[in-house]
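# Summary of the model geometry
Residue-level listing of the chains:
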Amino acid sequence: MPRRSPPATMGQEPLMGHSMSEMLAGLQRRLGMDNPDLLGMATGELLELMYSAIPEPPVSPVARLASAVAARAPDDGVDRISRLPDQILRNVVSRLPAKDAARTGALARRWRGLWCSAPLVITDEHVLPGSLPAGRMSPGGDDVVSKAVVAAVSRAMAAHQGPIPSFHLTRGHMASHEAEAERWLKLLAAKGVQELVFFNHPWPCDFPLPAAAFSCVSVTHLQLGCWRLPNTAALPRNARFPHLKELVLSFILMRDHDLAFFVEKSPVLERLTIIGSQLPVRLRLVSRSLRCVQLGLCKGVVAVVDAPRLERLLMWMTVHHKERSRIKIGHAPNLRMLGYWQPAFHDLEIGSTVIKVLIYALYIKESTKVRPSTIVPTVRMLALEVKFEVCNDVQIVPCFLKCFPNVETLHVYSQKAEPTGKLDIMFWQEAGPIECVDSHVKTFVFQQFRGKRGELMFLKFIAERAQVLKEMFVMMDLESFSSEDDMKTKMKLLTMVNWASKDCMLIFVMNPGYPASPQGSPSWSFHKASDPSCMDPFDLRTVEDESWVFHDSSSPVSYDD
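Reading the values: the criteria
Residues numbered from 1 in each chain as written. Predicted model: local features only at pLDDT ≥ 70, side-chain atom pairs only at ≥ 80, totals over all residues. Heavy atoms only, no water. Helix = DSSP H or I, 4+ residues; strand = E, 2+ residues; numbered from the N terminus. Buried < 20%, exposed > 50% of the residue type's maximum accessible area, 1.4 Å probe, protein only. Contact = heavy atoms within 4.5 Å. Phe/Tyr/Trp six-rings, centres within 6.5 Å; stacked < 30°, edge-to-face > 60°. Salt bridge = Lys/Arg side-chain N within 4 Å of Asp/Glu carboxyl O. pLDDT = per-residue confidence, 0-100. Polar contact = N/O pair within 3.5 Å; in protein donor to acceptor, adjacent residues only side chain to side chain. Patch = residues over 30% accessible without salt bridge, like charges linked within 9 Å, V, L, I, M, F, W, Y side chains within 5 Å. Areas by Shrake-Rupley, 256 points an atom, 1.4 Å probe, with all protein chains shown as cover. Pairing = 2+ DSSP bridges. Axes fitted to C-alpha atoms, helices over the stretch in contact; angles between N-to-C directions. Left-handed = near helix turned anticlockwise from the far one by under 90°. Nonpolar A, V, L, I, M, F, W, Y, C, P; charged D, E, K, R; others polar. Expected span 1.5 Å × (residues − 1). Arc of directions from axis to C-beta. Lys, Arg positive; Asp, Glu negative; His and termini not counted. Core = buried A, V, L, I, M, F, W, Y, C linked by side-chain atoms within 4.5 Å.

Our next topic: the overall build of the protein chain. Across its full length, the protein chain carries 16 helices and 20 strands. Looking at the protein chain as a whole, 54% of its 561 residues qualify as buried. The long-range share in the protein chain, meaning contacts at least 24 apart out of those at least 6 apart in sequence, stands at 71%.

Inspection of every chain in the model, using the stated rule, returns 27 aromatic pairs. Here the aromatic rings of Phe261 and Phe262 are separated by 5.9 Å at their centres, their planes lie at 80°, and the arrangement is edge-to-face. Accessibility classification places Phe261 together with Phe262 in one group, the buried group. Ring geometry for Trp316 and Phe526: centres 6.1 Å apart, planes at 90°, overall edge-to-face. With Trp316 in strand E10 (residues 312-316) and Phe526 in helix H16 (residues 526-529), this residue pair connects regions lying 210 residues apart in the sequence. Neither Trp316 nor Phe526 differs from the other in exposure class; each is buried. Grouping aromatic residues by their ring pairs yields a cluster made of Phe388, Phe427, Trp428, Phe444, Phe446, Phe449, Phe458, Phe461 and Phe481.

What follows is about the pattern of salt bridges. For the coordinates displayed, the defined rule picks out 13 salt bridges. Note that Lys186 and Glu182 form a salt bridge whose closest N and O atoms lie 4.0 Å from each other. On the criterion of helical spacing, the pair formed by Lys186 and Glu182 is a turn pair, its members being four residues apart in helix H9 (residues 178-190). Put simply, Arg271 and Glu246 hold a salt bridge, and the shortest N to O gap is 3.3 Å. Pair noted here: Arg271 is in strand E6 (residues 271-275) and Glu246 is in strand E5 (residues 246-250), with a separation of 25 residues, a long-range link. The buried category is assigned to Arg271, whose relative accessible area is 17%. The buried category is assigned to Glu246, whose relative accessible area is 11%. Among the charged side chains, a network of salt bridges with common partners joins Glu246, Glu270 and Arg271.

Along the chain, Gly339 connects to Tyr340 via a cis peptide bond; the corresponding omega equals -10°. One can find Tyr340 in strand E12 (residues 337-341). Look at Cys226: it is not a glycine, yet its phi comes out positive at around 60°. The topology assignment puts Cys226 in the loop between strand E4 (221-225) and E5. A positive phi is found at Gln448, a non-glycine position, where the angle reads about 65°.

Per-residue pLDDT for the protein chain averages 81, and the proportion of residues at 70 or more is 76%. When the criterion is pLDDT under 50, residues 30-41 qualifies, and its contacts beyond four places in sequence or with other chains add up to 20 contacts. Low pLDDT, under 50, characterises residues 557-561; the predicted model gives this stretch 11 contacts beyond four residues in sequence or across chains.

On to the environment of Asp424. Note on placement: Asp424 falls in the loop between strand E16 (409-414) and helix H13 (435-440). Residues Asp424 and Gly454, spaced 30 residues apart in sequence, show a C-alpha to C-alpha distance of 9.9 Å. Not counting chain neighbours up to four residues away, the residues in contact with Asp424 comprise Arg453 and Met457. A polar side-chain atom of Asp424 sits 2.7 Å from the main-chain amide nitrogen of Met426.

Moving on to a nonpolar patch on the surface. Nonpolar side chains collect at one region of the surface, where Ile81, Leu84, Ile88 and Val92 lie side by side and expose about 300 Å² of accessible area between them. Inspection of the secondary structure assignment puts Val92 in helix H4 (residues 86-94). A residue is classified by how much of its surface remains accessible, and Val92, at 36% relative accessible area, is partly exposed.

In this sheet, strand E9 (residues 300-306) lies alongside strand E7 (residues 281-286) in parallel orientation, the contact comprising six bridges. Residue pairing for E9: Leu283 is matched across the bridge by Val302. Bridge count for E9 against strand E11 (residues 325-331) is five bridges, and the pairing is parallel. Within the sheet, the bridge partner assigned to Ala303 lies in E11 and is Lys328.

Let us now look at the packing of helix H8 (residues 144-159) against H9. Closest axis-to-axis distance for the H8/H9 pair is 11 Å, and the angle between their directions is 35°. Viewed along their axes, H8 and H9 form a crossing whose handedness is left-handed. Every residue of H9 that contacts H8 at Val150, Val153, Ser154 and Met157 is listed here: Glu180, Arg183, Trp184, Leu187 and Leu188. Across the contact of H8 with H9, the residue classes break down as six nonpolar, one polar and two charged.

This brings us to helix H15 (residues 484-495). With 12 residues, H15 extends 17 Å between its outermost C-alpha atoms, agreeing within 8% with the 16 Å of an ideal straight helix rising 1.5 Å per residue. Taken together, the buried positions of H15 are Met487, Lys490, Met491, Leu494 and Thr495. Burial along H15 is one-sided: seen end-on, the buried residues are contained in an arc of 150°.

In this fold, Glu195 is placed in strand E3 (residues 195-199). Buried within the structure, Glu195 lacks any salt-bridge partner; Arg271 is the closest side chain of opposite charge, at an N-O distance of 8.7 Å. In terms of polar contacts, Glu195 uses its side chain to reach the side chain of Ser166, at 3.2 Å. Aside from chain neighbours lying at most four places away, what touches Glu195 is Pro55, Pro57, Pro58, Pro165, Ser166, Phe167, His168, Val219 and His221.

This part is about the environment of Lys191. For Lys191, the location among the structural elements is in the loop between H9 and E3. Take Lys191: its relative accessible area is 14%, and that puts it in the buried class. Those residues in contact with Lys191 that lie beyond four places of it in its chain are His160, Gln161, Gly162, Pro163 and Ile164. A polar contact is formed between the side chain of Lys191 and the backbone oxygen of His160, at a distance of 3.1 Å.

Counting 128 residues, the largest nonpolar core has Phe167, Leu196, Phe198, Leu382, Phe404, Phe444 and Met472 as the members making the most contacts within it. With eight residues, H8 is the largest single contributor of residues to this core. Contact partners of Phe444, with chain neighbours within four places excluded, come to Leu410, Val412, Phe458, Leu459, Ile462, Leu469, Glu471, Met472 and Phe473.

One polar contact links Arg271 to Glu246, side chain to side chain, over a distance of 3.3 Å. Beyond its immediate chain neighbours, meaning those up to four positions away, Arg271 contacts Lys245, Glu246, Leu247, Leu290, Cys292 and Ser530.

Here you go:
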């Protein structure tokens with residue numbers, strides 16, 4: 001089937017490209033990658049990111065079905081389960097993977113036909129024949145896996161007459177099965193689907209999503225990958241998602257008004273994640289329900305106009321090597337988390353003031369004051385990416401921190417870079433009062449410590465100024481030290497400073513559980529970051545893989561493994 005091109009009215013160059021070859025060419029052009037092996041690796045990583053955001057299906061083929069109560073029941077040969085009412089038996093069947101649910105008809109006559117009317121969970125990995133690989137990273141296209149997935153899903157949906165609350169399809173090359181995609185979505189809309197994960201695995205990225213997807217009005221979780229959105233302006237005026245709470249768009253080709261459609265037509269939407277948008281994102285947030293917004297591998301403008309419930313504004317690898325991204329913060333009285341922010345590459349606009357311009361003006365005038373109109377007092381957790389070996393980047397940090405006076409948890413990720421310029425040794429001492437550091441930061445996490453001069457100057461500044469600091473975690477980049485003695489020397493320098501807080505515990509983490517990505521940015525979990533129960537989405541440490549060295553700021557140096 002010939003590949004469809006996006007309408008000429010889009011008028012913008014896609015960021016990544018549509019076909020596999022275009023994708024690789026886009027990565028080479030945008031990221032400056034020339035090595036074919038590296039390009040292929042990057043493509044695989046993009047797909048892994050897309051798949052990592054998928055929630056676990058509500059059923060599992062490896063779940064433990066036996067209970068302690070059942071183990072103690074007398075073995076008298078009586079089938080007590082089959083005596084249960086149909087409603088309870090259907091509930092039992094609905095908790096099984098699709099193939100296992102269909103097989104329950106072989107248990108006894110009593111079970112025959114129950115699965116046809118029980119709620120059914122369809123996940124492509126659960127319906128694949130056992131002889132085929134179950135991993136999502138197998139190649140796309142008209143291959144054996146894709147055809148087997150489409151055939152199995154079609155059979156299951158044709159045989160089943162009951163509701164389908166959850167539908168995960170991530171392995172089908174839907175560009176080769178357009179009729180099936182349209183038919184499935186119409187059936188899912190009729191069967192009241194609530195969790196819909198629908199990917200075109202994985203290319204072309206410009207293949208149109210069937211408009212029938214917008215008839216799934218019962219959906220509460222919607223995740224789309226590798227599609228071109230249809231023109232939402234041509235949809236019926238009453239098209240909307242009245243129950244949608246979480247939306248994830250991965251490598252989607254969409255216009256500004258298509259993205260605005262989802263926000264405007266989803267009155268209870270709480271979590272919005274955009275991964276690898278094919279065009280620059282221009283998102284205008286006017287929402288009474290949104291609580292978390294994530295952007296990864298995309299650039300553009302995000303304007304928080306009126307979002308009274310917004311708590312998290314999270315970004316990952318949103319820096320383009322030629323163009324800047326801009327975030328405008330208007331009315332967001334509950335904004336608590338912000339990051340990963342790169343002050344040297346992101347423009348922040350608070351009210352009518354662009355912080356980049358303000359910082360430059362303050363630096364030239366050697367002023368230490370920040371106007372109240374440029375302050376975001378609600379933010380309690382802030383994460384930054386800083387190139388400490390680049391003098392101009394570091395000079396922006398103090399004024400940027402002054403815009404967030406009430407931060408209590410500060411994450412700083414040190415990006416590797418070629419040294420440019422040399423920071424004055426008195427720079428941090430002359431930075432003036434920084435309220436969040438002086439009076440509010442209790443937890444400070446420094447990632448990828450390499451022992452460089454700029455890093456040591458910043459850590460010394462935090463230690464000597466943070467009066468209420470309780471914990472300072474320093475995540476060691478072990479490969480950056482020439483020897484163990486070199487590493488211990490740099491560690492000792494930090495223990496010898498005059499700590500402002502006598503109750504602070506300095507913790508060196510020797511084997512960080514969250515290494516940097518191959519592109520030099522911190523690792524990230526979209527799924528974890530959107531989980532409201534996760535109190536710190538920037539902390540991806542795995543304690544069991546770490547060894548820690550402690551130092552109490554009120555006592556001499558001591559090392560405990």
